[in-house]
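What follows is the residue order along each chain.
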Amino acid sequence: DPDPKPKTTEVTAGSTAVFEAETEKAGVKVKWQRAGTEITGSEKYVIKAEGNKHSLTINNVGKEDDVTYAVIAGSSKVKFELKVKEAEKSETVTPAEPAPAPPASESPAPPVESSQNTEVSSAGPQPEEPLDPIGLFVTRPQDGEVTVGGNITFTAKVAGESLLKKPSVKWFKGKWMDLGSKVGKHLQLHDSYDRNKKVYTFEMEIIEANMTFAGGYRCEVSTKDKFDSSNFNLTLFPFPSEINYTFLLLYSTEGHEEGGEFNFSALLKKRGEAKSESHSDVDVWEILRKAPPSEYEKIAFQYGITDLRGMLKRLKRIKKEEKKSTAFLKKLDPAYQVDKGQKIKLMVEVANPDADVKWLKNGQEIQVSGRYIFEAVGNKRILTINHCSLADDAAYECVVGEEKSFTELFVKEPPILITRPLEDQMVMVGDRVEFECEVSEEGATVKWEKDGIELTREETFKYRFKKDGKKQYLIINESTKEDSGHYTVKTNGGVSVAELIVQEKKLEVYQSIADLTVKARDQAVFKCEVSDENVKGIWLKNGKEVVPDERIKISHIGRIHKLTIEDVTPADEADYSFIPQGFAYNLSAKLQFLEVKIDFVPREEPPKIHLDCLGQSPDTIVVVAGNKLRLDVPISGDPRPTVIWQKVNKKSDLIRSNDDSMTPSENSSDLNTDSKLLFESEGRVRVEMHEDHCVFIIEGAEKEDEGVYRVIVKNPVGEDKADITVKVIDVPDPPEAPKISNIGEDCCTVQWQPPKYDGGQPVLGYILERKKKKSFRWMRLNFDLLKDLTYEAKRMIEGVVYEMRIYAVNSIGMSRPSPASQPFMPIAPPSEPTHFTVEDVSDSTVALKWRPPERIGAGGLDGYIVEYCKDGSTEWIPALPGLTERTSVLIKDLVTGDKLHFRIKAINLAGESGAAIIKEPVTVQEILQRPKIWLPRHLRQTLVKKVGETINIVIPFQGKPRPKIIWMKDGQTLDSKDVGIRNSNTDTILFIRKAELHHSGAYEVTLQIENMTDKVTITIQIIDKPGPPQNIKLVDVWGFNAALEWAPPQDDGNAQIVGYTVQKADKKTMEWYTVFDHYRRTNCVVSDLIMGNEYFFRIFSENLCGLSETAATTKKPAYIQKTGTTYKPPSYKEHDFSEPPKFTHPLVNRSVIGGYNTTLCCAVRGIPKPKIFWYKNKMDLSGDAKYRMFSKQGVLTLEIRKPTPFDGGCYTCKAVNECGEAEIECRLDVRGNQMNFMDNTNTAMKKVTAKIKK
């Protein structure tokens, strides 16, 4: 390692800087770095190495060289700094310039204390309050100091401009003690809201503080989605006390071009490593000590001192310099705060750059690891803690020699966010419900609520809570109707709400089974469709359950149930029914067997189509889209006729003939024969020919298959034809996207139009679904079909974005869903503003004020609109050009004498609220009000203040128009240079920056409006410390007593003398001791004086302000003479107390288990104290590190660390002094398992061998 190490050096620009380092061994490779980059030799940087000495020379140093350097030797790295200062220039100081500030003190001082019951003048420009760039605070509470018995107030300010409601603030002492429950005689909590600045002010006032109040405090502020905290300390001093103070002024010019901003809140470290700002440290105490009193106010204004009275008061009490730390130039701050998972740096500056430091955590030394990094940069020592966890929330200290610097680190857990919200669910009674969400941290604690009521772990019979990594589950095994409601999951950083709707089980039949007529050996298919795909059912034939076999098949696919009968026989003709399980439904249809009878036809018979034998009207055949159409057409004729199928279009009463001429149809047909001939025997649409019939088949009917089909049969004898209408019915087309209107707080109106195509069947109704915008799960809103084209959707959550879609349902089934509606958010207008009143009226203005609405809602609050209307009119006129966000308004330029009605409405995204109206009309006319002074209770008696304190008297009054205010003192007009007077419409203020004795007197305030007046008198008494007593005399001295006498002080400080303090001092030591305290007489007798000593006496006078600055001291000492004979003590022969050692308690034989520390104890007596020796098997143990010997008050102890069986044997304790010696022995047996024995045998044998060699 480099030794000695290079040190931080300060040089002047343009000069040369040399850094030297020395390594333990010669030939070690050394690297030099500048700002983390390796330095190579050049004219600028000269690197030399001679043996184990290395040097770096930097020529022509410039400002750019003011950076951090490092030297690396092997695995060791030492950092140091080069500080470059500008060359000094002579400057001429003009005489008009005020006393300049001395250079910044090297060692930083503690922050200025919080104000203690001080009133700050509002005269002159005030610096703006510093904004907190990180958290919620505008102003954080600062460290404070107070004397025992005094009062102190800590103030925190929070920006309220972006907050919808008042933030929650808690005050803590230490880490966990909540002070909200400690409010009482000694603690008060206050809060207020400045509507002009939109700032919340929270105050903690400590009254009559005692020493137990000292310590660390914390203020926490939280809103719906933010959290911040600030730590501060309270220091208490005994009363009276002499304390040295140092003042630190932080003056920041960041972000200001012309003037700076005063910033006193630099106590608590912000998170992370911010760039260090340039602050000038000014020792204002030195400036005040050297400045004349006439310059005090100028210095206070120049340096922003708001408590000049307190500083001057303490300046008188400072008699010696504060003892500064010799080891530390800068100590740790009282407290630090860091977010969990972030890193923090704790830094001190030591006086000796070569000093070694130790870092302790909760009193235990910290070892270097991946998370704890130690750095030494010049005289700075830095501890870096990476990836802070809750285990790092502890007390830390830095130790240099015998001095310590303490701090406390607070680790704040980040809020747990909900990364995936809950989904709305709709289930049937008895179904299992599982709500799932995902949070930002594994194993986080969440809270579940139902309709605002927390679900506890005790309700495990109903609800089950589960965690799986970052996922959180709420499970309801068997849901009931009572489980419907809104379920909420809450963390400390978010909320998610979902709705559960539990419906009674209800089944809808989308398609019922239809009657069938089939021929022998054909296929019969009964099909139905229900709403629930999980519902099972049974098929009945004439009331008996159908048993499937090779010919009869039963299938269930999704929502469709089928019964298929192959090769139909006459026995299959019956009534068939489908019964869903669990529902009172019975879907029935009839199967008719068609027996084709063919009469004998003689030869040469013209062809004939026998459609009438089907037993039903054949004109129109209805088929469901997707189903199979099979039409058997019996025909006859001899010879066998030829069959032609055509699809024709129904257009007019004419047929198009081959010669393109329009002629009436012979049979008055209304079909167009310009159509397509169907000859295919294979494919989806085909014709199959048989001897006595033909079959027309459409596989999977489509809408295009709909139309009129003509069959023509011909033979040589003649021809016949018939028209068959095929109608294909289907589910409706999806409707268009629904429209959303009349959006309310938790409801809206949904409107839609019928589908363009109803599927050939009338629309029976509609089904409506909704979902959250960010969700993928649609939830059905109705089980009964909606007959109308509008629906009022309810039970939505305000502030959540939703979408709607619609299904159309006819007898065939349900359409595809419509496109989703435009996203919408249920919001409602706010309620009307409250407490709407008239604040003031003049000849041309009216001042109104109100409070925000009781309910604002998720839509927020955009502002207010104020309107007025003349009495007798109905036209409301806006009082302001737009919206106002304030809760008060002054309406100007009104006509004197008009009677006006006023109303106000709150506005947000959802619209206007109801109007708040002032019932009675307001006459625009100045109201004459008699002057009246409301004198505060504490001013009705004499106001006592000390010299140097600030006097700020606020006297409220009423009266209109604005009264004339006159201040008098003892019948004379007040001097405005000495006393400040400020008047407003509602109060008058008397302000004295620094009270003096001549300010005492009777002050009279007079209010005058025309010929009406009101006056009060205020008596002010300014007091100061008294002068010393007069004419102190030593009246008499006798025996051990001295009699004193004195006269009251000439200057009583404008207050009654309440007592005297009498002190005495021996002439030899001149150390003063108090004899009497609060002594009321002007003479006393001091007793119990020591014979032969000379004493001086001094006396302080005391009033309400305290003890006098100086004391009256006796000029001559009082001599207490010696009396009586001289005592000669007899001479005695000195007794010899020496004795040889003797053991008073023996060693005891012991048997112990190996691997555990054991001790051997005995006691010895001997004078002089004997020297102790321990032996094992006659071998001296004093040089063996395995054994430790103790001797305390004659009790001797031998500790054997983790003995093994090898340590067994005979132990001897020997005591020796100059009178003789004694010894005692015992036997020690060590038992242990074989493994421990073998592990330790080698170590023991090595030690024995080493001793034998010695």
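Residues numbered from 1 in each chain as written. Predicted model: local features only at pLDDT ≥ 70, side-chain atom pairs only at ≥ 80, totals over all residues. Heavy atoms only, no water.

1. Looking at the overall build of the chain
If you tally the helices and strands in the chain, you get four helices and 99 strands. Looking at the chain as a whole, 40% of its 1254 residues are labelled buried. Long-range pairs, those at least 24 residues apart, make up 64% of the contacts in the chain between residues at least 6 apart in sequence. Surface accessibility of the chain: about 71,800 Å² in total, with carbon and sulfur atoms responsible for 49%. (Helix = DSSP H or I, 4+ residues; strand = E, 2+ residues; numbered from the N terminus. Buried < 20%, exposed > 50% of the residue type's maximum accessible area, 1.4 Å probe, protein only. Contact = heavy atoms within 4.5 Å. Areas by Shrake-Rupley, 256 points an atom, 1.4 Å probe, with all protein chains shown as cover.)

2. Describing the pattern of salt bridges
All chains considered together, the criterion is met by 46 salt bridges. Lys361 is the partner of Asp392 in a salt bridge, and the nearest nitrogen-oxygen pair spans 3.6 Å. Residue Asp392 is found in the loop between strand S26 (380-385) and strand S27 (395-400), and its partner Lys361 is found in strand S23 (residues 358-361); the two are separated by 31 residues along the sequence. Residue classification places Asp392 among the buried positions, given a relative accessible area of 0%. A salt bridge links Arg903 to Glu867; the shortest N-O distance between them is 2.6 Å. Taken together, the residues span a long stretch of sequence, with Arg903 in strand S69 (residues 899-908) and Glu867 in strand S66 (residues 863-870) at a distance of 36 residues. Taken as a pair, Arg903 and Glu867 share a single burial class, namely buried. (Salt bridge = Lys/Arg side-chain N within 4 Å of Asp/Glu carboxyl O.)

3. Looking at the side chain of Gln142
In this fold, Gln142 is placed in the loop between strand S9 (137-139) and strand S10 (144-147). In this structure the side chain of Gln142 is engaged in a polar contact, spanning 2.9 Å, whose partner is the backbone oxygen of Arg140. (Polar contact = N/O pair within 3.5 Å; in protein donor to acceptor, adjacent residues only side chain to side chain.)

4. Concerning the sheet that holds strand S83 (residues 1041-1047)
Strand order in the open sheet made by the three strands is S82-S83-S86, with antiparallel pairing throughout. Sheet topology places strand S82 (1030-1038) and strand S86 (1083-1086) at the edges, where each strand pairs with a single neighbour. On average, each strand axis in the sheet is tilted by 20 degrees relative to the strand beside it, whichever way the strands run. Judged from the four bridges that link them, S83 and S86 form a sheet pairing that is antiparallel. When the sheet's bridge partners are listed, Ala1043 is paired in S86 with Val1085. (Pairing = 2+ DSSP bridges. Axes fitted to C-alpha atoms, helices over the stretch in contact; angles between N-to-C directions.)

5. Here we look at the sheet that holds S10
Strand order in the open sheet formed by five strands is S10-S17-S16-S12-S13, with mixed pairing between adjacent strands. Sheet topology places S10 and strand S13 (177-178) at the edges, where each strand pairs with a single neighbour. Relative to strand S17 (residues 227-237), strand S16 (residues 215-222) is paired through eight bridges, and the arrangement is antiparallel. Each residue of the ladder has a partner; that of Glu220, found in S17, is Ser229.

6. Focus on the confidence of the model for the chain
Per-residue confidence for the chain gives a mean pLDDT of 80; residues scoring 70 or more make up 83%. Here residues 651-674 is modelled with pLDDT under 50, and outside its nearest four sequence neighbours on either side it reaches 38 contacts, counting other chains as well. (pLDDT = per-residue confidence, 0-100.)

7. Description of empty space enclosed by the protein
Scanning all chains against the criterion turns up three cavities of 30 Å³ or more. Forming the walls of the second largest cavity are Glu423, Asp424, Arg770, Lys771, Lys772, Ser775, Arg777 and Met779. With three residues, the top contributor of residues to the lining of the second largest cavity is strand S60 (residues 763-772). In terms of residue class, the lining of the second largest cavity is made up of one nonpolar, one polar and six charged. (1 Å grid on protein atoms, 1.4 Å probe; cavity = no way out; pocket = protein on both sides within 12 Å on 5 of 7 lines; lining within 4 Å. Points joined across faces, edges and corners; volume = space filled by probe spheres on them. Nonpolar A, V, L, I, M, F, W, Y, C, P; charged D, E, K, R; others polar.)

8. So, the packing of aromatic side chains
Under the defined criterion, the tally for this structure stands at 23 aromatic pairs. Seen in terms of ring centroids, Trp645 and Phe696 are 4.9 Å apart; in terms of plane orientation they differ by 15 degrees. Their pairing is stacked. Linking Trp645 in strand S50 (residues 642-650) with Phe696 in strand S55 (residues 693-698), this pair joins segments that are 51 residues apart in sequence. A relative accessible area of 1% means that Trp645 is categorised as buried. An aromatic cluster is present here, built from Phe19, Trp32, Tyr69 and Phe80 joined pairwise through their rings. The positively charged end of Lys466 is found above the aromatic ring belonging to Tyr473, 4.7 Å away from the centroid. The cationic tip of Lys1176 hangs over the ring face of Phe1206; the distance from NZ or CZ to the ring centre is 4.9 Å. (Phe/Tyr/Trp six-rings, centres within 6.5 Å; stacked < 30°, edge-to-face > 60°. Lys NZ or Arg CZ within 6 Å of the ring centre and 35° of its normal.)

9. Remarks on the pairing of strand S75 (residues 951-960)
Every regular strand shows the same layout, with side chains that alternate between the two sheet faces. Bridging between strand S73 (residues 929-933) and S75 involves three bridges; their strand directions are antiparallel. If you follow Gln929 over to S75, its bridge partner there is Lys960. In this structure, S75 lies alongside strand S79 (residues 987-992), joined through six bridges in antiparallel fashion. Residue pairing in the sheet places Ile951 in a bridge with Ile992 of S79.

10. So, the state of the cysteines
One pass over the structure, following the stated rule, counts zero disulfides. Unpaired in this structure, Cys748 has its nearest cysteine sulfur neighbour in Cys747, at a distance of 7.1 Å. (Disulfide = S-S within 2.5 Å.)

11. What to know about the environment of Gly180
Relative to the elements of secondary structure, Gly180 occurs in the loop between S13 and strand S14 (187-194). With a relative accessible area of 48%, Gly180 lands in the partly exposed category. Considering only alpha carbons, one finds Gly180 and Val169, eleven residues apart in sequence, at a separation of 9.7 Å. Aside from chain neighbours lying at most four places away, what touches Gly180 is Trp171 and Leu189.

12. Focus on the environment of Tyr868
Examined against the element boundaries, Tyr868 turns out to sit in strand S66. Among the residues examined, Tyr868 registers a relative accessible area of 16% and is labelled buried. Residues Tyr868 and Phe902, spaced 34 residues apart in sequence, show a C-alpha to C-alpha distance of 4.4 Å. If near-sequence neighbours (up to four positions away) are discounted, Tyr868 is found in contact with Glu875, Trp876, Ile877, Pro878, Ala879, Leu894, Leu900, His901 and Phe902.

13. Describing the environment of Lys774
Relative to the helices and strands, Lys774 is located in the loop between S60 and strand S61 (779-780). Sequence-wise, Lys774 and Glu803 are 29 residues apart; in three dimensions their C-alpha atoms are separated by 9.8 Å.

14. Comments concerning the pairing of strand S34 (residues 463-468)
Where S34 meets strand S35 (residues 471-476), six bridges bridge the pair, whose relative direction is antiparallel. Bridge pairing links Asp468 to Lys471 in S35. Between S34 and S35, which pair antiparallel one after the other, the connecting turn spans two residues, and Gly469 there sits at a positive phi close to 65 degrees.

15. Here we look at the nonpolar core
Residues Phe154, Val158, Trp171, Met204, Ile206, Tyr217 and Leu234 are the most contacted members of the largest nonpolar core, which totals 23 residues. The contact partners of Leu234, leaving out residues within four places of it in the chain, are Gly144, Val146, Ile152, Phe154, Ile206, Phe213, Ala214, Gly215 and Tyr217. (Core = buried A, V, L, I, M, F, W, Y, C linked by side-chain atoms within 4.5 Å.)

16. Points about unusual backbone geometry
The residue after Lys960, namely Pro961, is reached through a cis peptide bond having omega -10 degrees. Looking along the chain, the bond that leaves Ile1167 and enters Pro1168 is cis, with omega of -5 degrees. Mapped onto the secondary structure, Pro1168 falls in the loop between strand S93 (1158-1167) and strand S94 (1171-1176). Its identity as a non-glycine residue notwithstanding, His1078 has a phi of 55 degrees, on the positive side. Following the sequence through the fold, His1078 ends up in strand S85 (residues 1072-1079). Positive phi, close to 45 degrees, is recorded for Lys1202, a residue that is not glycine. Relative to the assigned elements, Lys1202 resides in the loop between strand S97 (1195-1200) and strand S98 (1209-1217).

17. What about the side chain of Arg686?
Mapped onto the secondary structure, Arg686 falls in strand S54 (residues 685-689). On the accessibility criterion, Arg686 (15% relative accessible area) is buried.

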